[in-house]
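The lines below spell out each chain.
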Amino acid sequence: MSHYHITSKEQYKQAYQESVENPEEFWSSIAENFQWNKKWDTVLNFDFSKPEINWFQGAKLNITENCIDRHLFERGNKTALLFEPNNPSEGAEHITYQQLHDRVCKMANVLKNQGIKKGDRVCLYLPMIPELAISVLACARIGAIHTVVFAGFSASALAARILDCDCTLVITSDGAFRGSKTIDLKGIVDKALKDCPDVKTILVAKRIYAEITLTEGRDYWLQPLLDKAETICKPEVMDAEDPLFILYTSGSTGKPKGMVHTTAGYMVYSAFTFKNVFQYEEEDVYWCTADIGWITGHSYIVYGPLANGATSVMFEGVPSHPDYGRFWDIVEKHKVNQFYTAPTAIRALAKQGAKWPKSYDLSSLKVLGTVGEPINEEAWHWYDEQIGKGNCPIVDTWWQTENGGILITSLPGITRQIPTYATLPMPGIQPCLMDEKGEEITTTEASGKLCIKFPWPSIARTIWGNHDRYRDTYFSAFKNKYFTGDGALRNAEGLYRITGRVDDVIIVSGHNLGTAPIEDAIDEHPNVSESAIVGFPHDIKGNALYGFVTLVDGEGSEKLKKEINNLISEKIGPIAKLDKIQFTEGLPKTRSGKIMRRILRKIASNETDSLGDISTLLNPEVVENIIKERLS
Ligand code: PRX
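Residues numbered from 1 in each chain as written. Predicted model: local features only at pLDDT ≥ 70, side-chain atom pairs only at ≥ 80, totals over all residues. Heavy atoms only, no water.

Considerations on helix H7 (residues 155–164)
Alright, step 1. Most of H7 is tucked away, with 7 of its 10 residues classed as buried.
Alright, step 2. Within the span of H7, buried status applies to Ala155, Ala157, Leu158, Ala159, Arg161, Ile162 and Asp164.
Alright, step 3. Backbone geometry just after H7 places aspartate 166 at a positive phi near 50°. (Buried < 20%, exposed > 50% of the residue type's maximum accessible area, 1.4 Å probe, protein only. Helix = DSSP H or I, 4+ residues; strand = E, 2+ residues; numbered from the N terminus.)

If you want it as structure tokens, here you go:
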């Protein structure tokens, strides 16, 4: 029996049990709901020690046939993407499945005409405009591997990603609207490409009608090429395990990791979770506020919804423009049924008061979702009361870029919800908690490091160009287990609450930031000798960044702080800027010279009473001064 759509607690329990007892049968029954050129020979082969993971091996398919073509007969005139622009007076654009088909095919033909073929890497650096979703799908149509870079990243962060996976073509725009501002995306691309000699082509979508320069023989306006292209493009037949996309995520050390997701397993899992976590029904309008530059946008704006024939809203703007009622205005206007956002947005909107949501009709809402970081109780209740009016279940969905889809969540109206608890694993997901000695904790009520014991279809298969790093990061801390990097606790009923990262990744406004690349950026300042970044609690952002900096020479100043933040903006992007910078004489270090971030974290969070034993430090004397000069 297929459990593709779970509608009761009993069904959830049964599906979960089957998925653990007989995973191959379970997932093949789910996979039967899709269109295949050829079905699989084996459902699953895996070995976590290598690690090697193959799902649906031998199967052949194209994900865009599943996301677009197979809906054309019944849903040709249904809205697939509902584009809501930055400026409300511009009016929304409804793109039907038929129109999406034609536009994706045209874009795919443009890429082909530029010489892009199966396996080539294409970088998308675009605002949240239809061309972004269309380019994603056009790459998938021809088997090119897309790598979307969030358009808030700087030129050097963009260049690093382009170089890491050898992209040869970039799609961008003449600029982006962001609230009342515009951003010069093409200028950023031009700067990035100074370091990327292998990029042969830039295609430029027109969005803000800015005057930009096109480099002859390399840069082309996109629209004239689209105008000439055919509306039919035969889908490339892909193997189940052919890469679909690369998406970069921060690590605690080193450069960003290009997580590689493959075709069949990703499709099956993102579609299955979309259907069940949001309980999407045929006439519903679904809206996820994420950017397609992040995994949430990949799985739950583009692939998951479209694989289910859904109407997916794509919003270009920000929650505060033209005013703080913008989200609720969109919900009212498009009668949104499922709404999926991040705790940082909820906190920022809650701060503006209930008058904003109260001014709009939110009665269409059925399910509310949250993702990206732990949601605090206060924000959860505000969301529940002011937005859901006490009537909408909230799904607190825990997952990661590496996972491809939601792993732990409640099912709305079906399984239990408790504020701040992600609650239960999706079918196919086998979480466990590990103790300090590396043993699995068998008691139900416990806290520890969160691992997953068994593969699911959309787990990333490798890090682009660095399989050893993939193994070391995720599969070496605990034998035969995927280590998430998160800590969690499990209550007496077996429900999970995610408590946060246990490594040097800090989640700021829902964005994953590694400390190492930020420290590297700061250390490039000629007057900086050393730096250490830690997170501290922040009312809206969840966490904010606190930097401790030692200088080569002289005293710290406001000017120096500005220079440091400018460097970070330039090397990574404004999202990684520091809220506080404290100049210190030294940083606390272990005898082997490692910076003790644990102590700095406590100081930044004003928990100096519980520093623990600092006498074993190489330089305990610096701690007192750091505490004295702490920035409040
Ligand atoms: O720490 C967890 C946190 O976000 C991390 C993954 O970040 P990223 O790869 O950027 O993906 C975010 C969107 C899928 C996790 O390791 N996180 C994500 N969702 C939750 C969460 N923490 C608590 N509760 C959540 N619902």
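On we go from here.
Brief notes about the pattern of salt bridges
For side chains bearing opposite charge, pairing can occur when the charged atoms are close.
Alright, step 1. Throughout the structure, instances matching the rule amount to 37 salt bridges.
Alright, step 2. Note that lysine 257 and glutamate 402 form a salt bridge whose closest N and O atoms lie 3.9 Å from each other. With a gap of 145 residues between them, lysine 257 in strand S15 (residues 257–262) and glutamate 402 in the loop between strand S20 (394–397) and strand S21 (431–434) connect regions that are remote in the sequence.
Alright, step 3. Under the relative-accessibility criterion, lysine 257 is labelled buried at 5%.
Alright, step 4. The partner of aspartate 329 in a salt bridge is arginine 326, with the nearest N and O atoms 3.2 Å apart. (Salt bridge = Lys/Arg side-chain N within 4 Å of Asp/Glu carboxyl O.)

With respect to the site of the ligand
Alright, step 1. Around the ligand, the structure places 17 residues, and the nearest of them are Asp396, Thr397, Thr401, Asp486 and Arg501.
Alright, step 2. Separating an oxygen atom of the ligand from a side-chain N or O atom of aspartate 486 is a distance of 2.7 Å.
Alright, step 3. Between the ligand and the protein, one listed contact pairs an oxygen atom with a side-chain N or O atom of asparagine 512 at 3.1 Å.
Alright, step 4. If the ligand stood free it would expose 540 Å²; the protein chains cover 95% of that surface.
Alright, step 5. For the shell around the ligand, the secondary-structure elements that each account for two or more residues are helix H11 (295–307), S20 and strand S25 (496–501).
Alright, step 6. Of the residues belonging to the shell around the ligand, the class tally is 7 nonpolar, 6 polar and 4 charged. (Near = heavy atom within 4 Å. Polar contact = N/O pair within 3.5 Å; in protein donor to acceptor, adjacent residues only side chain to side chain. Areas by Shrake-Rupley, 256 points an atom, 1.4 Å probe, with all protein chains shown as cover. Nonpolar A, V, L, I, M, F, W, Y, C, P; charged D, E, K, R; others polar.)

Topic: the nonpolar core
Alright, step 1. Ranked by internal contacts, the top residues of the largest apolar core, which has 125 residues, are Trp27, Trp36, Phe56, Leu100, Phe278 and Tyr303.
Alright, step 2. At 10 residues, the largest contribution of residues to this core is made by helix H10 (residues 263–278).
Alright, step 3. Listed in part, the 46 residues of the second largest apolar core include Phe150, Leu193, Ile506 and Ile522. (Core = buried A, V, L, I, M, F, W, Y, C linked by side-chain atoms within 4.5 Å.)

A few points about the packing of helix H13 (residues 343–351) against helix H15 (residues 377–387)
Alright, step 1. Closest axis-to-axis distance for the H13/H15 pair is 9 Å, and the angle between their directions is 70°. Between H13 and H15, the crossing angle belongs to the class labelled roughly perpendicular. Contacts between H13 and H15 involve Ile346, Arg347, Leu349 and Ala350 on the former and, on the latter, Ala379, Trp382 and Tyr383. (Axes fitted to C-alpha atoms, helices over the stretch in contact; angles between N-to-C directions. Parallel < 35°, antiparallel > 145°, perpendicular 65-115°, else oblique. Contact = heavy atoms within 4.5 Å.)

With respect to the sheet that holds strand S16 (residues 285–288)
Sheet strands associate in pairs through backbone hydrogen bonding, adopting either a parallel or an antiparallel arrangement.
Alright, step 1. Strand order in the open sheet formed by 7 strands is S5-S4-S17-S16-S18-S19-S20, and the pairing between neighbours is mixed. What marks the edges here is a single partner per strand, and that holds for strand S5 (93–96) and S20. For this sheet, the mean inter-axis angle between neighbouring strands, taken without regard to orientation, is 20°.
Alright, step 2. Pairing of S16 with strand S18 (residues 338–341) involves 3 bridges; the strand directions are parallel. Across the sheet, residue tyrosine 286 finds its bridge partner in S18, namely glutamine 338.
Alright, step 3. Helix-sheet contacts for helix H6 (residues 130–142) involve strand S4 (79–84), S5 and strand S17 (311–315), and the interaxial angle to S17 is about 125°. (Pairing = 2+ DSSP bridges.)

Some thoughts on the pairing of strand S14 (residues 243–249)
Working note: regular strand, side chains alternate between the two faces of the sheet.
Alright, step 1. Buried residues dominate S14, accounting for 6 of its 7 residues.
Alright, step 2. Two elements, S14 and S15, share 6 bridges in a ladder whose sense is antiparallel. Within S15, the residue paired with tyrosine 248 across the bridge is glycine 258.

Quick look at the domain arrangement of the chain
Alright, step 1. Taken as a whole, the chain is organised into domain 1 (9–318 + 397–487) and domain 2 (509–631).
Alright, step 2. Placing a centre on the C-alpha atoms of domain 1 and another on those of domain 2 gives a separation of 34 Å.
Alright, step 3. The partner domain 2 presents 14 residues to the 14 residues of domain 1 that form the contact.
Alright, step 4. When domain 1 packs against domain 2, the two sides together hide about 880 Å² of surface, and 50% of this comes from carbon and sulfur.
Alright, step 5. Considering only the side of domain 1, the residues that lose the most area to domain 2 are Ser154, Ser250 and Trp294, jointly responsible for 35% of the buried surface there.
Alright, step 6. With 3 residues, H7 is the single largest residue contributor to the side of domain 1 that touches domain 2. (Domains from an automatic or database assignment. Buried area = accessible area lost by both parts, 1.4 Å probe.)

Focus: the sheet that holds strand S28 (residues 528–538)
Alright, step 1. Within the open sheet, the 3 strands sit side by side as S28-S29-S30. Their pairing is mixed. Single-partner strands in this sheet number two, and they are S28 and strand S30 (580–583). Here the strands of the sheet are splayed against their neighbours by 20° on average, with no regard to which way each runs.
Alright, step 2. Here helix H19 (residues 597–604) sits on the sheet and contacts S28 and strand S29 (542–551); the angle it forms with S28, its principal contact strand, is near 55°.

Section: the packing of aromatic side chains
Alright, step 1. Throughout the structure, instances matching the rule amount to 45 aromatic pairs.
Alright, step 2. A centroid spacing of 5.7 Å and a plane angle of 50° characterise the contact between tryptophan 27 and tyrosine 269, whose relative ring orientation is tilted. Taken as a pair, tryptophan 27 in helix H2 (residues 23–31) and tyrosine 269 in helix H10 lie far apart in primary sequence, 242 residues in all.
Alright, step 3. Here tyrosine 474 and tyrosine 482 contribute two aromatic rings whose centre-to-centre distance is 5.5 Å and whose plane-to-plane angle is 15°, an arrangement assigned as stacked. As far as the burial class goes, tyrosine 474 and tyrosine 482 line up, both buried. (Phe/Tyr/Trp six-rings, centres within 6.5 Å; stacked < 30°, edge-to-face > 60°.)

Observations regarding the environment of alanine 192
Alright, step 1. Its place among the elements puts alanine 192 in helix H8 (residues 185–193).
Alright, step 2. Residue classification places alanine 192 among the buried positions, given a relative accessible area of 1%.
Alright, step 3. Setting aside its immediate chain neighbours within four residues, alanine 192 contacts Ala155, Leu158 and Ala159.

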